[in-house]
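# Survey of secondary and tertiary structure
Now for the letters of each chain:
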Amino acid sequence: MSSLSTKTRLRGVVFDMDGTLTVPVIDFAAMYKAVLGDDEYKRIRAENPSGIDILHHIETWSPDKQRRAYQVIADYEKQGLDRLQIMPGAAELCGFLDAKKIRRGLITRNVKEAVDLFHQRFGIMFSPALSREFRPYKPDPAPLLHICTTWEVQPNEVMMVGDSLKDDVVCGKRAGALTCLLDEKGRYTSHDFARLDAKPDFNVSSLNELFSLLESNFDLRP
Ligand SMILES: [Mg+2]
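Just so you know, the residues in each chain are numbered from 1, in the order the chain's sequence is written. The model is predicted, so local features are restricted to residues of pLDDT at least 70 and side-chain atom pairs to those at 80 or more, both for listing and for counting; the totals for chains, interfaces and linings are taken over all residues.

## Details of the domain arrangement of the chain
Keep this limit in mind: The split into domains, and so the bounds of each, comes from an automatic or database assignment of domains. With C-beta atoms placed from the backbone, a contact is any residue pair whose C-beta atoms sit within 7 Å. Secondary structure elements follow DSSP: runs of H or I of four or more residues count as helices, runs of E of two or more count as strands, with numbering from the N terminus. Polar here means any residue other than Ala, Val, Leu, Ile, Met, Phe, Trp, Tyr, Cys and Pro, which are nonpolar, and Asp, Glu, Lys and Arg, which are charged; Gly is therefore polar.
The domains assigned to the chain are domain 1 (2–23 + 85–219) and domain 2 (28–82). Taken over C-alpha atoms, the centre of domain 1 sits 25 Å from the centre of domain 2. On the domain 2 side, the residues contacting the 10 residues of domain 1 number five residues. Mapped onto the side of domain 1 that touches domain 2, the elements with two or more residues apiece are helix 6 (112–122), helix 8 (165–175) and helix 9 (190–196). It is helix 9 that provides the largest number of residues to the side of domain 1 that touches domain 2, a total of three residues. Taken together, the residues of the side of domain 1 that touches domain 2 sort by class into five nonpolar, one polar and four charged.

Structure representation (structure tokens):
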């Protein structure tokens, strides 16, 4: 029992939604091309090897151009919603956290409508669940810090779990939280971590892997 006392107390886990709690179904490359046009897409992709921040690019556009871009994004997101699937292990992991009385939150750059649909379709609620309407969004630490304040816990007692190094891990680190990168296909390398100065504390290839990781690394007494 004495070893338990040396482990960090974990009070909450905050999840990204798309690609973390749900299986990725949005063809992001096609969406970016549709928003930016082929040439602009190629140029921006070359300048941003770690990924395109489409919302950021749109923000400087004229209102008209912006409106059209948001419509294209909304169409792609709607197609994604129609095919929405829960990530293997997500429901079990949430049950496990509930049993340990560890809070569950959600932060996404997707819209509130998508979060509502996720909640309805899979019957698993996250609270707070912050969507794109909460500004500033990830990778800004504001949404994560907002959740910590709501829960009345310290950021270092919370783990941010997500599949995006530049959004989820950077958000978590800026907030001072623990971070876990879900990297199903092993697409990230130590070079990426160094370039973004965002080395996750933990790295898993599936949500199922997170169970044993939590049990062996943290004090999970309710
Ligand atoms: Mg994601």
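Next comes the rest of the description.
## Digging into the nonpolar core
Quick reminder of the rule: Joined through C-beta atoms within 7 Å, a set of buried Ala, Val, Leu, Ile, Met, Phe, Trp, Tyr and Cys residues constitutes a nonpolar core. Comment: burial labels come from other C-beta atoms within 10 Å of the residue's own C-beta, placed from the backbone, where a count of 20 or more is buried, 12 or fewer is exposed, and between is partly exposed.
In terms of nonpolar packing, the biggest core is built from 41 residues, with Val14, Phe15, Leu106, Leu144 and Met159 touching the most fellow members. Once residues lying within four places of it in the same chain are set aside, the contact partners of valine 14 are Gly105, Leu106, Ile107, Leu144, Ile147, Val158 and Met160. Ranked by size, the runner-up nonpolar core spans seven residues in total, among them Tyr32, Val35, Leu36 and Ile52.

## Digging into unusual backbone geometry
A negative phi angle characterises most non-glycine residues, just as the trans form characterises most peptide bonds. The amide bond that connects serine 127 to the next residue, proline 128, takes the cis arrangement and shows omega of -5 degrees. Residue position: proline 128 is located in the loop between helix 6 and strand 4 (129–130). A cis amide bond, omega 10 degrees, links lysine 138 with the succeeding residue proline 139. Along the chain, the position of proline 139 falls in the loop between strand 4 and helix 7 (142–151). At aspartate 197, a residue that is not glycine, the phi angle is positive and equals roughly 50 degrees. Inspection of the secondary structure assignment puts aspartate 197 in the loop between helix 9 and strand 7 (202–204).

## Remarks on the sheet that holds strand 5 (residues 158–162)
Rules: Here, any two strands with at least 2 DSSP bridges between them count as paired. The angle between two axes is taken between their N-to-C directions and runs from 0 to 180 degrees, where each axis is a line fitted to C-alpha atoms and a helix contributes only its stretch in contact.
Ordered in space as 4-3-2-5-6-7, the six strands form an open sheet in which the pairing is parallel. For this open sheet the edge positions go to strand 4 and strand 7, each flanked by a neighbour on one side alone. Against the sheet, helix 7 contacts strand 2 (12–15), strand 3 (103–107), strand 4 and strand 5, and its axis sits at roughly 155 degrees relative to strand 3.

## A look at the environment of serine 131
As for its placement among the helices and strands, serine 131 is situated in the loop between strand 4 and helix 7. Excluding its chain neighbours within four sequence positions, the residues that come into contact with serine 131 are Thr108, Asn110, Val111, Lys112 and Val115.

## As for the environment of tyrosine 32
Among the secondary structure elements, tyrosine 32 is positioned in helix 1 (residues 28–36). With 13 residues separating them along the chain, tyrosine 32 and arginine 45 place their C-alpha atoms 9.5 Å apart. Contacts of tyrosine 32, omitting those with residues within four sequence positions, involve Tyr41, Ile52 and Ile54.

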